[in-house]
Amino acid sequence: MPVTPPTRADRPPIRLLLVEDDPTHASDIGRVLRSSTEVSFKISQAVRVEDALRMLRDSHYDVVLLDLSLEEGDGLDTLARAKVAARELPIIVMTNEADEAQAVGALRAGAQDYLVKGEWNVRLVIRTLLHAVERHRILTDLAMARQREHFVATHDSLTGLFNRNAFREQVARSMAYAARNDDRMALLFLDIDGFKAINDTLGHPIGDELLKITSERLRQVVRKSDMVARLGGDEFIVILQPYDEDGGPARVAQKILHCISRPCWLSGSEYRVTGSIGIALFPRDGRDPDVLIRNADTAMYHAKAEGRNRYSYYSQEMNEAVADSLNMENGLRQAIDRGLLTVHYQPQVHVGFGAIVGAEALVRWPDPQRGMISPSDFIPMAEATGLIQPLGCLVLREACEEAARWNSDSNSSIRIGVNVSTRQLTDSSFADLVATTLRETGLPPERLELEITESSVLQERGVTLATVQQLRSLGVKITIDDFGTGYSALSALRQLPVDGLKIDRSFVTDLASDASVSTITAGLIAMANGLGLETVAEGVETIEQLTILQSQGCQRMQGYLFAKPICADEFREQLNCPNLPWQQMLPEFDA
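Cut-off values and rules
- Residues numbered from 1 in each chain as written.
- Predicted model: local features only at pLDDT ≥ 70, side-chain atom pairs only at ≥ 80, totals over all residues.
- Heavy atoms only, no water.
- Helix = DSSP H or I, 4+ residues; strand = E, 2+ residues; numbered from the N terminus.
- Expected span 1.5 Å × (residues − 1).
- Buried < 20%, exposed > 50% of the residue type's maximum accessible area, 1.4 Å probe, protein only.
- Arc of directions from axis to C-beta.
- Core = buried A, V, L, I, M, F, W, Y, C linked by side-chain atoms within 4.5 Å.
- Salt bridge = Lys/Arg side-chain N within 4 Å of Asp/Glu carboxyl O.
- Pairing = 2+ DSSP bridges.

Enquirer: Which parts of the structure should I look at to understand helix α15 (residues 430-441)?
Expert: Taking 1.5 Å of rise per residue, the twelve residues of α15 would be expected to cover 16 Å, and the 16 Å separating its terminal C-alpha atoms lies within 8% of that figure. Listed in full, the buried residues belonging to α15 are Phe 430, Ala 431, Val 434, Thr 437, Leu 438 and Thr 441. Projected down its long axis, α15 shows its buried positions confined to an angular sector of 125°, all on one face. In this structure, α15 carries Asp 432, Arg 439 and Glu 440 as exposed residues pointing more than 90 degrees from its buried face. Count one or two residues on from α15 and you reach Gly 442, which has phi positive near 80°.

Next comes the structure, spelled out in structure tokens:
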């Protein structure tokens, strides 16, 4: 079908401001514009320059038609004033025939085009105006597109805050300005506490909503002159410049912490979150952008380690601690890869007849430079970095292989206990890993006892329950380690199928000196016995502790009273020893 060109009625009228003090010329121009069949014009007229400038400020126009020969005007000066008032609005100037040189000067001064008064060719006038309006539209669209591209390139798409790239450019400029003017500048590095748990449990859309709420609250707290950026994930950063020397960054950090901890509604429910903030100051904490950002980040992690929902200023000691942590992480990673870790075994003794009935597998790290590194130093670090999974896999494999040798060599039926981390227990493939390990090592499933902590029971309970049920279907025993140290263990026991409890050493230590502790342990043991669960007391070091526990109904124990954790060869020797060293001190043991 042929395309019908747009008619005058199809187009919106062009809003034109005519600046002309000659009534004849104004009448001629109006007649020419009204004769157009292509487009209609909505004409406003100003006779004086001041009136024109006021109208440009107060109203909206598409194009200005300006006479350069106004009686009160001064040609190009009038154009310059109109350009200021009209900003990017297209201005077409009119000049007398003898003043074309002035018109060319006007073009150089920013006019879009010019017309010669008296030469009112309708097509020429209309085309000049339409072209000016269209050129202006194209340039405006192009400028807006460039602005959009620049915004996308420099802003975070989710929150609308400046992104990492824009922040890096700005921090470099701010540092240069501060250096030139002997000014103060601070970086505040914010991380939302527990954000991953919200993302994982409520879903990424809810996590995104929390990020948007946080970004809006940050905007409300800081000054308009301060820069707020999202570096990625749940990491935000603020540039304070300048700030009050007397605790300025600390006051801002405290305001931020208070603001983001206010309740927020997510998915129809009320939630509260907290944040941790690290503060680095220029030039004290770094003269390079990367160094300053890294140090603010280090201070933020220190705030998290100190308990979260707080701020911390950077110090050189923090860097040293981070370097030590990184060295330990790299060392542990290499030790796992190269098979440098060893597994020791601490006997579990049945005090009724003095025999070894089980053992707990405990990993040891003998480092060539630092000597034997305590598990209390490297196990939390392995948990935090994810190394606990390959580490746990290594211990599980070695412990099962060793326990299979015990059953083969001495025809014993003792169980091997292996600690399981929360990360392992919430891994959907963990039960399959255990099944494969048992099959490949030949250890009967009932000889493996997996020790899980109360915290792993309480966190991600649905995932934990499914994994525990899979493990028990294999025939593996499940024991809750460090029992009594949590707050919801009793309710968890009703839902979680377990075979035994280990009474935490913190109770055993004070057993003989604190009557209330003795009452608690008696209650725990009685409850476990009533539920048909086996109890093991760990950390037993004295005969008095042993006697009290035995009188309360606990028969399985482990601790330095019997043996420290020992290597596999020494443990095998004890298994084959007819007279174990602790048997003579057991009150009810009859050799």
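Here the narrative resumes, following the displayed structure.
Enquirer: Would you mind going over the nonpolar core with me for this structure?
Expert: When a protein is soluble and globular, its nonpolar side chains tend to lie buried together. Core analysis: the biggest nonpolar cluster contains 73 residues, and Tyr 345, Ile 416, Leu 448, Leu 450 and Phe 562 have the highest contact counts within it. Looking at this core element by element, the count peaks at ten residues for helix α13 (residues 388-409).

Enquirer: It is not clear to me how the pattern of salt bridges should be interpreted in this structure. Could you clarify?
Expert: Opposite charge on two side chains permits pairing when their charged atoms draw close. Taken as a whole and assessed by the stated rule, the structure comprises 29 salt bridges. With a closest N to O distance of 2.6 Å, Asp 499 and Arg 472 form a salt bridge. One end of the pair, Asp 499, is in the loop between α18 (489-495) and β19 (500-503); the other, Arg 472, is in helix α17 (residues 461-474), and 27 residues separate them in sequence. Relative accessible area serves as the criterion here: at 33%, Arg 472 is assigned to the partly exposed category. Taken together, the shared-partner salt bridges in this structure form one network comprising Glu 360, Glu 451, Lys 502 and Glu 538.

Enquirer: In this structure, what is going on with the pairing of strand β6 (residues 185-192)? I would like to understand it.
Expert: Looking along a regular strand, one sees side chains alternate from face to face of the sheet. For β6, the buried fraction is high: eight of the eight residues fall into the buried class. In β6, alternate side chains face the same way, and those of Met 185, Leu 187, Phe 189 and Asp 191 on one face and Ala 186, Leu 188, Leu 190 and Ile 192 on the other are all buried. Pairing between β6 and strand β11 (residues 275-282): eight bridges, direction antiparallel. Within β11, the position partnered with Leu 190 by the bridge is Ile 277. Here β6 pairs with strand β8 (residues 235-240) via six bridges, running antiparallel. Bridge pairing in β8 links Leu 190 to Phe 236.

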